[in-house]
Amino acid sequence: MSSALVTLRRDFGGDIIEPGGAEYESARRSVLAPGTPAYVLRPQSVGDVQAGVRFAASAGLLLSVRGGGHSFAGFGTNDGGVVIDLGKLATVEIIDKERHLVRIGGGATWGQVAAALAPHGLAISSGDTKSVGVGGLTLAGGIGWKVRKYGLALDNVTAAQVVTAGGEAVPASAEENPELFWAIRGGGGNFGIVTAFEFAAHPTTDVFFGKIAFPAAEAATVLQGWADYLRAAPEELTSIVVFANPFAGGPDAPVEIYVAFDGDDPELAAQAIDPIRRLGTVTGDDVALQPYGDTLEDGGTPPPGIQFAPRSAFADKESVPEVLQILAEVRASERSPFIAIRSLGGAVSRVPGDATAYAHRQAELMIVTTAVGPKPVVEAARPALDAIWARLAPHVNGAYANFLASATEEDVAAIYPAQTHKRLAAVKRQYDPGNLFARNHNVRPR
Ligand SMILES: Cc1cc2nc3c(=O)[nH]c(=O)nc-3n(C[C@H](O)[C@H](O)[C@H](O)COP(=O)(O)OP(=O)(O)OC[C@H]3O[C@@H](n4cnc5c(N)ncnc54)[C@H](O)[C@@H]3O)c2cc1C
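Worth saying up front: this structure is predicted, and the values here are computed from it rather than measured.

We now examine helix α9 (residues 266–277). In an α-helix, one turn spans 3.6 residues, which is why side chains three or four residues apart end up on the same side. Every buried residue belonging to α9 is among Ala 269, Ala 272, Ile 273, Pro 275 and Ile 276, and all of these are buried. With its buried residues spanning 145° around the axis, α9 presents them on a single face. Those residues of α9 that are exposed and aimed more than 90 degrees away from the buried face are Pro 266, Glu 267 and Gln 271. At its buried positions, α9 is contacted by β12 (207–214), α8 (219–232), β13 (237–243) and β14 (255–261). The N-cap of α9, judged by a side-chain oxygen 2.8 Å from the amide nitrogen of Glu 267 a few residues on, is Asp 265.

Now the structure itself:
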């Protein structure tokens, strides 16, 4: 046994899962990726995380960090290395009732957070799925159902505790290690393992939530009308449009506009949502008042072999008409991917561009295409997808790290514009000079 392993067994109080062990089969994979790591470590304490990090560093093994395990790029597992699975660090604790400050373990999921905060009338704007992890989503952004009112998930982080590559547990906030605090809000898992986040939650009532459907043939006018309306709509309204859904008819699939109105006043909700209903011929409308937690989907693990390969980019105001025109044309083709467009603006765009490492503050929309199916199907779809993105390229910018299935140099450059990248690389040099945390959209130390 190597001395690194001897030390791990001495210092680590959680589970050490190895090939052949009873739990290995379920522990080795993340939600969207298979893997054959040599060790899956499940820490129960910050001390365990420190021991796990030191082990990976001294054994010279590739390290994956797993929060909720939903990375599309499969960052939460690897072949032959170490996975530190934070699933046992999942407590959700209100630490200041007046200021609504909540401390959340680095391995919690958004479903756990919503369930724990609901009895207190609180919520944190996060994403749309219960099983997605607080860690991965927050460190790279966090675009949820209240994003226009409360900003990205990372905009609501007030502090964090980070175990760095040297195995030290350091605080990060506006007062303590402010550059690290800047970097972890957008820079992903590059700088260490966040064992706990502190968030400022916001009061929530039940919310009006549901989808309004329009015929595929009306896509062009509905999309343009939706984007024009969202520009001036109350920030209580957040919306996502999905179309060309392969599970609902592909080119014939309806255009479905999801709406989330943050409030329980039916008149205000109708005032905010009715202009969307007037965009075309409504063929379905299930908008109803419901607890905020019920707006989140359960998620789930796709059948083995089924891949989800999203690509994403942002559209600023002046490009929106062109982008929507292209997407309306694309969706009519048999080879169209599944397309989703998320509304941004509002609180996201009021945060100064250099306040966090998330760099796409001025985008009005985020575009996501997703190729879905067994690997050969997803691969066969690539040329058509490349052609679509080539058409979009002059009109879109950047990429959203959380909706990418790849991690190329080009992806990293799209996520982090040059100035942001340079500053991140300097922080990386300070906290992870040997690039231990490399299984991510990697920023190499400068
Ligand atoms: C079904 C589904 C729905 C989604 N919906 C949304 C949505 O509505 N809005 C949105 O913005 N995104 C959404 N996403 C994207 C999601 O934000 C990313 O997939 C994200 O990476 C998931 O985080 P995770 O912790 O579950 O993943 P993991 O695979 O566990 O983590 C991904 C990476 O994040 C880093 N990481 C995770 N936790 C920590 C930690 N505590 N400390 C340090 N590094 C850490 C590591 O580098 C890790 O490899 C969705 C994804 C899926 C699959």
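There's plenty left to go through after this.
Below, the discussion takes up the nonpolar core. One finds Trp 226, Ile 257, Ile 273, Ile 276, Ile 341 and Leu 365 to be the most contacted residues of the largest nonpolar core, which totals 45 residues. Not counting chain neighbours up to four residues away, the residues in contact with Ile 273 comprise Phe 208, Ile 212, Leu 237, Val 259, Phe 261 and Val 287. Val 113, Leu 139, Ala 160 and Tyr 431 belong to the second largest nonpolar core, which has 42 residues in total.

The residue Ser 125 is located in the loop between β7 (122–123) and α5 (134–140) in this model. Among the polar contacts listed, one links the side chain of Ser 125 to the backbone nitrogen of Lys 146, at a separation of 3.3 Å. At 3.4 Å, the side chain of Ser 125 and the backbone nitrogen of Val 147 are in polar contact. Not counting chain neighbours up to four residues away, the residues in contact with Ser 125 comprise Gly 144, Trp 145, Lys 146, Val 147, Tyr 150, Gly 151, Ala 153, His 202 and Tyr 292.

When strand β5 (residues 92–96) meets strand β6 (residues 101–105), the two strands line up antiparallel, connected through four bridges. Bridging from a neighbouring strand, Ile 94 pairs with Val 102 of β6. Connecting β5 to the antiparallel partner β6 that follows it, the hairpin turn spans four residues, and His 100 within it adopts a positive phi of roughly 60°.

On to the packing of aromatic side chains. What the rule picks out here adds up to nine aromatic pairs. Ring centres of Phe 209 and Tyr 258 lie 6.5 Å apart, and the angle between their planes is 40°; this geometry places the pair in the tilted category. Of the two residues, Phe 209 is situated in strand β12 and Tyr 258 in strand β14; the sequence distance between them amounts to 49 residues. An identical accessibility class is assigned to Phe 209 and Tyr 258; each is buried. Clustering of aromatic rings is evident, with ring pairs tying together Phe 72, Tyr 400 and Phe 403. Across the ring face of Tyr 292, the terminal group of Lys 146 is positioned such that the distance to the ring centre comes to 4.9 Å.

Here we come to the site of the ligand. Taken together, 33 residues surround the ligand, and among them Val 65, Gly 67, Gly 69, Gly 133 and Tyr 400 come closest. Between Gly 136 and the ligand, the recorded distance is 3.1 Å, taken from a backbone N or O atom to an oxygen atom. At 2.9 Å, a backbone N or O of Val 194 approaches a nitrogen atom of the ligand. Taken by itself the ligand offers 950 Å² of open surface, and the protein chains cover 93% of this. Mapped onto the shell around the ligand, the elements with two or more residues apiece are β3 (63–66), α5 and β10 (193–200). The biggest single contributor to the shell around the ligand is α5, with four residues.

A cluster of like negative charges, contributed by Asp 206, Asp 264, Asp 265, Glu 267 and Asp 294, occupies part of the molecular surface. By the element assignment, Glu 267 lies in helix α9.

Time to look at the packing of α8 against helix α10 (residues 320–330). Two measures define how a pair of helices packs: the angle their axes make with one another and the distance between the axes. In the contact formed by α8 and α10, the axes pass within 9 Å of each other and the chain directions differ by 150°. Between α8 and α10, the angle is such that the two are roughly antiparallel. The crossing of α8 and α10 is right-handed. Between α8 and α10, the contacting residues are Ala 220, Leu 223, Gln 224, Ala 227 and Arg 231 on the first element and Val 320, Pro 321, Leu 324, Gln 325 and Ala 328 on the second.

The next point concerns helix α15 (residues 418–431). Spanning 14 residues, α15 covers 20 Å between terminal C-alpha atoms, matching the ideal 20 Å at 1.5 Å per step. If you check which residues of α15 are buried, you get Thr 420, Leu 424, Ala 425, Val 427, Lys 428 and Tyr 431. For α15, the arc enclosing every buried residue in end-on projection is 165°, short of the 170-degree limit, so these residues lie on one face. Turned more than 90 degrees off the buried face of α15, the exposed positions are Ala 418, Gln 419 and Gln 430. The inward-facing, buried residues of α15 abut α7 (178–184).

Overall, mixed pairing links the four strands, which are arranged β1-β2-β4-β3 in an open sheet. Whereas interior strands pair on both sides, the edge strands pair on one side only; in this sheet they are β1 (15–17) and β3. Going across the sheet, the axis of each strand differs from the next one's by a mean of 20°, ignoring polarity. As paired elements, β1 and strand β2 (residues 39–42) share three bridges and run antiparallel to each other. Residue pairing in the sheet places Ile 16 in a bridge with Leu 41 of β2. Its contacts with the sheet put helix α3 (residues 46–59) on β2, β3 and β4 (82–85), and the angle it makes with β4 is roughly 165°.

Our focus in this paragraph is the pairing of β4. Side chains Val 82 and Ile 84 project from β4 onto one buried face, and the interleaved Val 83 and Asp 85 project onto a second face that is buried too. Relative to β4, β2 is paired through three bridges, and the arrangement is parallel. By the bridge assignment for β4, Leu 41 is matched with Ile 84. With four bridges joining them, β3 and β4 adopt parallel strand pairing. What sits directly across from Leu 63, in β4, is Val 82.

Procedures and definitions
- Residues numbered from 1 in each chain as written.
- Predicted model: local features only at pLDDT ≥ 70, side-chain atom pairs only at ≥ 80, totals over all residues.
- Heavy atoms only, no water.
- Buried < 20%, exposed > 50% of the residue type's maximum accessible area, 1.4 Å probe, protein only.
- Helix = DSSP H or I, 4+ residues; strand = E, 2+ residues; numbered from the N terminus.
- Arc of directions from axis to C-beta.
- Contact = heavy atoms within 4.5 Å.
- Polar contact = N/O pair within 3.5 Å; in protein donor to acceptor, adjacent residues only side chain to side chain.
- Core = buried A, V, L, I, M, F, W, Y, C linked by side-chain atoms within 4.5 Å.
- Pairing = 2+ DSSP bridges.
- Phe/Tyr/Trp six-rings, centres within 6.5 Å; stacked < 30°, edge-to-face > 60°.
- Lys NZ or Arg CZ within 6 Å of the ring centre and 35° of its normal.
- Near = heavy atom within 4 Å.
- Areas by Shrake-Rupley, 256 points an atom, 1.4 Å probe, with all protein chains shown as cover.
- Patch = residues over 30% accessible without salt bridge, like charges linked within 9 Å, V, L, I, M, F, W, Y side chains within 5 Å.
- Salt bridge = Lys/Arg side-chain N within 4 Å of Asp/Glu carboxyl O.
- Lys, Arg positive; Asp, Glu negative; His and termini not counted.
- Charge placed at Lys NZ, Arg CZ, Asp CG, Glu CD.
- Axes fitted to C-alpha atoms, helices over the stretch in contact; angles between N-to-C directions.
- Parallel < 35°, antiparallel > 145°, perpendicular 65-115°, else oblique.
- Left-handed = near helix turned anticlockwise from the far one by under 90°.
- Expected span 1.5 Å × (residues − 1).

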